[in-house]
Protein chains: 2
Amino acid sequence: MSPVLPLPVTESDHDNCAATGILRLVGQKWTVVLLALLAEQPYGFNELDRTIHGVSRRILTRTLRHLEQENLISRVRTPQRAEYTLTDAGRTLLPLIIALGEWAADHHTRRP
Amino acid sequence: MSPVLPLPVTESDHDNCAATGILRLVGQKWTVVLLALLAEQPYGFNELDRTIHGVSRRILTRTLRHLEQENLISRVRTPQRAEYTLTDAGRTLLPLIIALGEWAADHHTRRP
DNA sequence: CTGTATCCTAGCGGATACTG
DNA sequence: CAGTATCCGCTAGGATACAG
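First, a word on what this report is: a plain description of the structure on this page. (Residues numbered from 1 in each chain as written. Chains lettered and ligands numbered in written order. Predicted model: local features only at pLDDT ≥ 70, side-chain atom pairs only at ≥ 80, totals over all residues. Heavy atoms only, no water.)

## Here we look at the interface of chain A and chain B
So, step 1. Listed as interface residues are 54 residues of chain A and, on the opposing side, 54 residues of chain B.
So, step 2. Summing the contributions of chain A and of chain B, the shared interface buries around 4,600 Å²; its carbon and sulfur component is 70%.
So, step 3. Seen at the junction of chain A and chain B, the total is zero salt bridges.
So, step 4. Among the elements that line the side of chain A that touches chain B, the one with the most residues is helix H6 (residues 88-106) of chain A, at 13 residues.
So, step 5. Looking at the side of chain A that touches chain B residue by residue, the classes come out as 31 nonpolar, 15 polar and eight charged. (Contact = heavy atoms within 4.5 Å. Buried area = accessible area lost by both parts, 1.4 Å probe. Salt bridge = Lys/Arg side-chain N within 4 Å of Asp/Glu carboxyl O. Helix = DSSP H or I, 4+ residues; strand = E, 2+ residues; numbered from the N terminus. Nonpolar A, V, L, I, M, F, W, Y, C, P; charged D, E, K, R; others polar.)

## A word on the pairing of strand E2 (residues 81-86) of chain A
All names here are of chain A.
So, step 1. Here E2 shows a clear split, with Ala82, Tyr84 and Leu86 buried on one side and none of Arg81, Glu83 and Thr85 buried on the other.
So, step 2. Relative to E2, strand E1 (residues 73-78) runs antiparallel, the two being bridged by six bridges. Across the sheet, the residue bridging to Arg75 is Tyr84, located in E2.
So, step 3. Linking E1 to E2, which pair antiparallel, is a turn of two residues; within it Gln80 sits at a positive phi near 65°. (Buried < 20%, exposed > 50% of the residue type's maximum accessible area, 1.4 Å probe, protein only. Pairing = 2+ DSSP bridges.)

## Topic: the pattern of salt bridges
So, step 1. All told, the structure shown has eight salt bridges over all chains when counted by the stated rule.
So, step 2. With its nearest N and O atoms 2.9 Å apart, the salt bridge here joins A:Asp49 to A:Arg57.
So, step 3. The salt bridge partner of B:Arg81 is B:Glu83, with a shortest N-O separation of 2.9 Å.
So, step 4. Residue class for B:Arg81 comes out partly exposed when judged on its relative accessible area of 33%.
So, step 5. Relative accessible area serves as the criterion here: at 30%, B:Glu83 is assigned to the partly exposed category.
So, step 6. Overlapping salt bridges, with partners in common, bring together A:Glu47, A:Arg81 and A:Glu83 in one network.

## Here's the deal with the protein's contact with DNA strand D
So, step 1. Neighbouring DNA strand D are 25 residues; A:Lys29, A:Arg58, B:Asn46, B:Arg57 and B:Arg75 lie closest to it.
So, step 2. Between A:Lys29 and DNA strand D, the recorded distance is 2.7 Å, taken from a side-chain N or O atom to a phosphate oxygen.
So, step 3. A distance of 3.3 Å separates a sugar or linking oxygen of DNA strand D from a polar atom in the side chain of B:Arg77.
So, step 4. Elements represented by at least two residues in the surface near DNA strand D include exactly helix H5 (57-69) of chain A together with helix H4 (45-51), helix H5 (57-69), strand E1 (73-78) and strand E2 (81-86) of chain B.
So, step 5. A class-by-class count of the residues in the surface near DNA strand D yields five nonpolar, seven polar and 13 charged. (Near = heavy atom within 4 Å. Polar contact = N/O pair within 3.5 Å; in protein donor to acceptor, adjacent residues only side chain to side chain.)

## Some thoughts on the environment of A:Asp88
So, step 1. Considering the arrangement of structural elements, one finds A:Asp88 in helix H6.
So, step 2. On the accessibility criterion, A:Asp88 (64% relative accessible area) is exposed.

## Concerning the relation of the copies chain A and chain B
So, step 1. For the pair chain A and chain B, the relating rotation is 180°, the translation along its axis is 0.0 Å, and the fit reaches an RMSD of 0.0 Å. The symmetry that links the two subunits is that of a two-fold axis. Considering only C-alpha atoms, the part of chain A nearest the rotation axis is A:Gly27, at 2.2 Å.
So, step 2. When you check the interface residues of chain A against chain B, 100% turn up at the interface there too, and the contact is symmetric in its surfaces. (Least-squares fit on C-alpha atoms with pLDDT ≥ 70 in both.)

## Let's talk about the protein's contact with DNA strand C
So, step 1. Among the 23 residues in the neighbourhood of DNA strand C, the closest are listed as A:Asn46, A:Arg57, A:Arg75, B:Lys29 and B:Arg58.
So, step 2. Counting only atoms of DNA strand C within 4 Å of the protein, the sugar-phosphate share comes to 59%.
So, step 3. Here a phosphate oxygen of DNA strand C and a side-chain polar atom of A:Arg24 are 3.2 Å apart.
So, step 4. A:Arg65 places a side-chain nitrogen or oxygen 3.4 Å from a phosphate oxygen of DNA strand C.
So, step 5. Elements represented by at least two residues in the surface near DNA strand C include exactly helix H4 (45-51), H5, E1 and E2 of chain A together with H5 of chain B.
So, step 6. No other element matches H5(A), which puts four residues into the surface near DNA strand C.
So, step 7. Partitioned by chemical class, the residues of the surface near DNA strand C number five nonpolar, seven polar and 11 charged.

So this is what it looks like as structure tokens:
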């Protein structure tokens, strides 16, 4: 009898649901790419800017801030350097994203 | 040595990555709610419109179309009735979304 | 080097009236 | 009942110049 997903259906409930925040965050364009990079090593700002081809500095900044607000990454600012690192919480999210990626690979509905 | 996530870093690669499509789809506002409802039983259009409080008919239509394009749901149109049903592929996605929801519940960074 | 400020476009999401 | 048409605001995303 219990619903498959414990999910609300009214709008206010929707906005208060814990899942929606993270879901809409990972749905943003560069979130997964950033997490993937930071999973291997810390990065500086320009380092990320150069490594990720196609992102603008503005969006890069904002996406990093969002990730920081959700405690997925941490930022340590020193003169001439900002170091972005994946947090433990961020690390626990990786397997879920990997699983989603694998699912997508299996079910990739290629539309021409 | 292999990267944690097999993810590209250029923009063209980004757009061709199978994961991005599904990620950006589930990141949309009503996707998860729809999947959750259809997981339990088929629904008609107005039935969904009435059950989900806060969605507009336009967005409801578009979200359903997106889900249909990704083969997560199927639509059977008969006179006076459109029946939306979760596909097998859609059903395999549920555990992943549930896992994400649980992750969010555990790490819900409530920012006031 | 690490951002912010400014300006722009496109698409999401919404409200509502109308059509088959 | 099941949508579409039309309108609108907001925000994601981008380009680029400037600032600390």
